[in-house]
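Structure at a glance
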Amino acid sequence: TLFRSGIPPPQVGAGPGRKIHPFYKAYVPHNGLDLLVSRGTPVYATADGTVASAANSRDSGNTVLIRHAGGYETVYAHLEIMSVRAGQRVSAGQQIGTVGMSGQAFAPHLHYEVLKDGGQMDPVSYFFASVTPAEYANMLYMSVNTVQSMD
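A few points on the structure. (Residues numbered from 1 in each chain as written. Predicted model: local features only at pLDDT ≥ 70, side-chain atom pairs only at ≥ 80, totals over all residues. Heavy atoms only, no water.)

Side note on unusual backbone geometry
Worth spelling out the cut-off: Every helix listed is a DSSP run of H or I at least four residues long, and every strand listed is a run of E at least two residues long, numbered separately from the N terminus.
One non-glycine residue, His78, lies in the positive phi region at around 70°. Here His78 is to be found in strand E8 (residues 72-82). Unlike most non-glycine residues, Asp117 shows phi in positive territory, near 50°. Mapping Asp117 onto the fold places it in the loop between strand E11 (110-116) and strand E12 (119-121).

If you want it as structure tokens, here you go:
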């Protein structure tokens, strides 16, 4: 899972789709899931893989991209601290950084993406085994119905 047990499940902001950008106030593509958690919360790799990049960009801030088996990739953006480097092997559950609001972020959150063979997937689909059915239903509802992204 992205976060350790013992902390409340993250509140879900915007999911994938066209969302209102918090700074430009215009509809833009939003490729991931915004998870609202406190600044400094540790973020963990969701599966074994190799860090393809750990870099800073103007829009996404501190961002870690991990390549996994089977053509999967995960993206963790707006981190406050990145604790991995490109080329490093990581294990599922290994800390890769902390939640922040680097780049163009409206508030502290983790922007999380899942890609398969380069195509965007809906990250909510990958949470059902790590949350309760009620939490999953809430995540799905919020990701679809939230119009403004946090990034």
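Once the structure has been displayed, the description carries forward.
Examining the side chain of Glu113
The condition is simple: In what follows, residue pairs with any heavy atoms lying within 4.5 Å of each other are defined as contacts.
Relative to the assigned elements, Glu113 resides in strand E11. Discounting residues that sit within four places of it in the chain, Glu113 has contacts with Asn31, Gly32, Glu73, Thr74, Val75, Gln120 and Pro123.

Regarding the pairing of strand E2 (residues 17-20)
A regular strand places its side chains on the two faces of the sheet in alternate fashion. Rules: Any two strands with at least two DSSP bridges between them are considered paired.
Note: E2 against strand E3 (residues 27-30), 4 bridges, orientation antiparallel. Residue pairing across strands places Lys19 opposite Val28, the latter belonging to E3. Once E2 ends, the chain turns through 6 residues before running back antiparallel as E3, passing Lys25 with a positive phi of about 55°.

Remarks on the environment of Tyr24
Selection rule: Three exposure classes are used, based on accessible area relative to the maximum for each residue type with a 1.4 Å probe and protein chains only: buried under 20%, partly exposed in between, and exposed over 50%.
Here Tyr24 is to be found in the loop between E2 and E3. We classify Tyr24 as partly exposed; its relative accessible area is 46%. Not counting chain neighbours up to four residues away, the residues in contact with Tyr24 comprise Arg58 and Gln104.

Quick word on the nonpolar core
Condition: Here, nonpolar core refers to any group of buried Ala, Val, Leu, Ile, Met, Phe, Trp, Tyr and Cys residues whose side-chain atoms link them within 4.5 Å.
By size, the foremost hydrophobic cluster in this structure holds 24 residues, and its most contacted members are Leu35, Tyr76, Ile96 and Leu110. Where this core is concerned, the elements lending two or more residues are strand E4 (33-36), strand E7 (61-67), E8, strand E10 (95-99) and E11. Top element by residues in this core is E11. It accounts for 3 residues. The residues contacting Leu110, other than those within four sequence positions of it, are Leu2, Phe3, Leu33, Asp34, Leu35, Val43, Tyr76, Ala77, Leu79 and Val99.

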